[in-house]
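So the chains spell out like this:
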Amino acid sequence: MAGIYIHIPFCRKACTYCDFHFSTNFSYRKEMISAIIDEILLKKSDWQEFTFESIYFGGGTPSILEEDEYKKIIETLKNSFSFSAHLELTLEANPDDINPMAVKKWNAAGINRLSIGLQSLNNEELAFMNRSHTAAESLIAVDTSLQSGIADISVDLIYGSHLKTDKQWEFELNWALNSGANHLSAYALTVESKTALANQVKKGLIPETNDEHQSNQFMKLTELAASNHWDFYEISNLCKPEHRAIHNSNYWKNKPYLGIGPSAHSYKDKTRFWNASNNAAYIKKVNLGELPQTSEVLSDLDLANETILTQLRLSSGLRIDTILSYYPKWLDESMPALEKMKQNQWIKIENNTIKLLSKGRLIADNISAELFIS
Ligand code: SF4
């Protein structure tokens, strides 16, 4: 099984923290959609051996697409590839694009899951992030989606900004866990270089993120996930039982995925491909009938390190034998570090699997870095 990712590189406003690939200039939108469709056709023959079980429209803001645009993309995909009987078809949507008519049209086109970028339920914080919607729009987005025919809803929230008090975070979590959504992605605010946020921090206009503040809010997330019986299956992702995201789970299991659109990545046969992340260059290349991508064959060490990074973040943990299949000396070489991590109660090892404990989840990336093979 495999997944398809479609990158729609347009947003109405630039969120201050965002380092994804997007543009607020819509003037060449028609050319972009046409290039995306042409890229699907160009890649069609190379991906015939797979049955796809997910399509994910990400971005950018795919909910800005017109009905004829997303219908044409879905139709081209359906005519080009094989799909499993149950296809998870997700659209990332911003709350200001959600209304009963839009949801009904998405549903009629086969979209059966929405990933709604709420980020905050506080207007001051939304303004600080330069989001395009208000808290009031966020608060009705889930209900509108449910009542208009799409029942699988994921919501995104960001924690740990200087404006997110512990009280506000607790309110947002309690709201999200009881909103009718069956999936929540919760990310710590990160100051990525070359973003407006990084610039604001550099100029001293806002404080740097505070580790202790973010850790406290992560612990509150852990506590409320448990008391609400949600499945906290990945460090940033939790769901009601039986509602794990198929698309994202496949990334973490190293399954193949096909990426379409500027900056999209693909992976198959131990090879990673990445598309040009410049819109004009992407369109030009596709219009010449050429694949807009660069590729790299991953070595066993690359695969081992990627597996450490992704699988340690999962509640199911990191299978030791998977890493040994790439690099047989790994366990012997890592034993001193693993022993120290066990003593610090960062990890536990059982059934040939390394799992992070609560304290370890706070420093997952550091733990991965210590276990990487160089
Ligand atoms: S809407 Fe999403 S992709 Fe667009 S700028 Fe904001 S965070 Fe980035």
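Because the structure is predicted, anything quoted here is derived from the model rather than measured.

Turning our attention to unusual backbone geometry. Cis geometry is adopted by the peptide bond preceding Gly60, which originates at Gly59 and carries an omega value of 20°. Looking at the element boundaries, Gly60 is found in the loop between β2 (51-59) and α2 (67-80). Phi at Glu242 is positive, roughly 70°, even though this residue is not glycine. Structurally, the position occupied by Glu242 is in the loop between β8 (237-239) and α9 (246-252). Unusually for a residue other than glycine, Gln345 sits at a positive phi of about 60°. Locating Gln345 in the fold gives a position in the loop between α13 (330-343) and β14 (347-350).

To continue, consider the pairing of strand β9 (residues 257-260). Of the two faces of β9, the one carrying Tyr257 and Gly259 and the one carrying Leu258 and Ile260 are both buried. As paired elements, strand β1 (residues 2-8) and β9 share four bridges and run parallel to each other. Paired with Ile6 across the strands is Ile260, a residue of β9.

Locating Val155 in the fold gives a position in strand β5 (residues 152-159). The spacing of Val155 and His183 is 28 residues in sequence and 6.4 Å in space, taken between C-alpha atoms.

On to helix α6 (residues 166-177). Taking 1.5 Å of rise per residue, the 12 residues of α6 would be expected to cover 16 Å, and the 16 Å separating its terminal C-alpha atoms lies within 8% of that figure. Every buried residue of α6 is accounted for by Gln168, Trp169, Glu172, Leu173, Trp175, Ala176 and Leu177.

This paragraph deals with the domain arrangement of the protein chain. Interfaces are often sized by the accessible area lost when the parts come together. Once the domains are mapped, the protein chain shows domain 1 (2-252) and domain 2 (300-371). Using only C-alpha atoms to locate each centre, domain 1 and domain 2 end up separated by 28 Å. Contacts between domain 1 and domain 2 engage 11 residues on the former and 10 residues on the latter. The interface formed by domain 1 and domain 2 includes one salt bridge. Arg313 serves as the salt-bridge partner of Glu234, at 2.7 Å between the closest nitrogen and oxygen.

The next subject is the packing of α6 against helix α8 (residues 211-227). Pairs of packed helices are described in terms of their axes, by the angle between the two and the distance that separates them. Interhelical geometry of α6 versus α8 gives an angle of 30° and a closest axis separation of 10 Å. In this view, α6 runs roughly parallel relative to α8, as classed from their interaxial angle. Seen from above, α6 lies across α8 with right-handed handedness. Contacts between α6 and α8 involve Asp166, Trp169, Glu170, Leu173, Asn174 and Leu177 on the former and, on the latter, His213, Gln217, Lys220, Leu221, Leu224 and Ala225. A breakdown of the residues in the contact of α6 with α8 according to their chemical character gives six nonpolar, three polar and three charged.

Relative to the helices and strands, Lys43 resides in helix α1 (residues 29-43). For Lys43, a relative accessible area of 2% puts it in the buried group. A distance of 3.4 Å separates polar atoms of two side chains, one belonging to Lys43 and the other to Asn275. Not counting residues up to four positions away in its chain, the partners in contact with Lys43 are Leu258, Gly259, Ile260, Ser266, Asn275, Leu291 and Gln293.

Moving on: the sheet that holds strand β15 (residues 353-356). Strand order in the open sheet formed by three strands is β13-β15-β14, and the pairing between neighbours is antiparallel. At either margin of the open sheet sits one strand with a lone partner, and together these are β13 (318-319) and β14. Looking at chain direction, β13 and β15 are connected through two bridges and run antiparallel. Note that in β15 the partner of Arg319 across the bridge is Thr353.

Tallied over the full model, the rule gives 24 salt bridges. A salt bridge links Arg29 to Glu69, with the shortest nitrogen-to-oxygen separation between them at 2.7 Å. Here Glu69 lies in helix α2 and Arg29 lies in helix α1, a separation of 40 residues in the sequence. The partner of Glu125 in a salt bridge is Lys164, and the shortest N-O contact between them spans 2.9 Å. Here Glu125 is found in helix α4 (residues 123-129), whereas its partner Lys164 is found in the loop between β5 and α6, with 39 residues between them in sequence. Lys164 carries the same exposure label as Glu125, and that label is buried.

The rules behind these values
Residues numbered from 1 in each chain as written. Predicted model: local features only at pLDDT ≥ 70, side-chain atom pairs only at ≥ 80, totals over all residues. Heavy atoms only, no water. Helix = DSSP H or I, 4+ residues; strand = E, 2+ residues; numbered from the N terminus. Buried < 20%, exposed > 50% of the residue type's maximum accessible area, 1.4 Å probe, protein only. Pairing = 2+ DSSP bridges. Expected span 1.5 Å × (residues − 1). Domains from an automatic or database assignment. Contact = heavy atoms within 4.5 Å. Salt bridge = Lys/Arg side-chain N within 4 Å of Asp/Glu carboxyl O. Axes fitted to C-alpha atoms, helices over the stretch in contact; angles between N-to-C directions. Parallel < 35°, antiparallel > 145°, perpendicular 65-115°, else oblique. Left-handed = near helix turned anticlockwise from the far one by under 90°. Nonpolar A, V, L, I, M, F, W, Y, C, P; charged D, E, K, R; others polar. Polar contact = N/O pair within 3.5 Å; in protein donor to acceptor, adjacent residues only side chain to side chain.

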